[in-house]
Amino acid sequence: QVQLVESGGGLVQPGGSLRLSCVASTSVFRLYTMGWYRQAPGKQRDMVATITSGGTTNYADSVKGRFTISRDNARNTVYLQMNKLNPEDTAVYYCNGLIATLNIWGQGAQVTVSS
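Note that residues are indexed from 1 along each chain, following the sequence as it is written. Local features in this predicted model are restricted to residues of pLDDT 70 or higher, and side-chain atom pairs are both shown and tallied only at a pLDDT of 80 or more, whereas totals for entire chains, interfaces and linings draw on every residue. Only hydrogens and water are set aside when side-chain values are computed; all heavy atoms of the structure are taken into account.

**Considerations on the layout of surface pockets**
Defined as follows: Whether a set of points on the 1 Å grid over the protein atoms alone is a cavity depends on a 1.4 Å probe fitting there but being unable to get out, while an open set qualifies as a pocket with protein on both sides within 12 Å along at least five of seven lines; lining residues are those with an atom within 4 Å of a point. Grid points are joined across faces, edges and corners, and a volume is the space filled by probe spheres set on the points. Numbering of helices and strands runs from the N terminus, with a helix taken as a DSSP run of H or I at least four residues long and a strand as a DSSP run of E at least two residues long.
The space that makes up the largest pocket amounts to roughly 230 Å³. Residue lining of the largest pocket: 16 residues in total, with Arg-38, Ala-40, Lys-43, Asp-46 and Glu-88 positioned closest to the centre. The set of elements that each furnish at least two residues to the lining of the largest pocket consists of β4 (33–39) and β5 (46–51). It is β5 that contributes the most residues to the lining of the largest pocket, three residues altogether.

In structure tokens form, the structure reads like this:
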């Protein structure tokens, strides 16, 4: 069974940066569309950024110009570099892997932006 394990969350001050990582336990990681989603308390889970197997990226309007998604297929890892963080970015961030009908979620990583 494929598993996704996130790391890199934590507490950061407004204006700061964090990098999230997600490692996938699959030999065909390169074929997956990978994404990051987030869910704030009392709100629905929303897409933050996605990256296809070919490297095409897509971002939510709220993070464009501040966040960057990337992948390293040799390491089975997808990253989310988050810059210029603000309190509205506070949420649990979930890694997602999609291939055919298989849709997999990680356990989530808490990101808190506060002074």
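**Notes on the packing of aromatic side chains**
Stated precisely, the cut-off is as follows: Each aromatic pair joins two rings of Phe, Tyr and Trp (for Trp, the six-membered one) with centres within 6.5 Å, and gets the label stacked for planes under 30 degrees apart, edge-to-face for over 60, and tilted for any other angle. Put simply, a charge is over a ring when the Lys NZ or the Arg CZ is close to the ring centre, within 6 Å, and near the line of the ring normal, within 35 degrees.
Considering all chains together, one arrives at two aromatic pairs under this definition. Ring centres of Tyr-37 and Trp-105 lie 5.0 Å apart, and the angle between their planes is 70°; on these two criteria the pair is classed as edge-to-face. With Tyr-37 in strand β4 and Trp-105 in strand β10 (residues 102–105), the pair connects residues that are 68 residues apart, well separated along the chain. Among the aromatic residues, those joined into a cluster by ring pairs are Tyr-37, Tyr-94 and Trp-105. Above the plane of the ring of Phe-29 lies Arg-71, whose end atom (NZ or CZ) is 4.7 Å from the centre.

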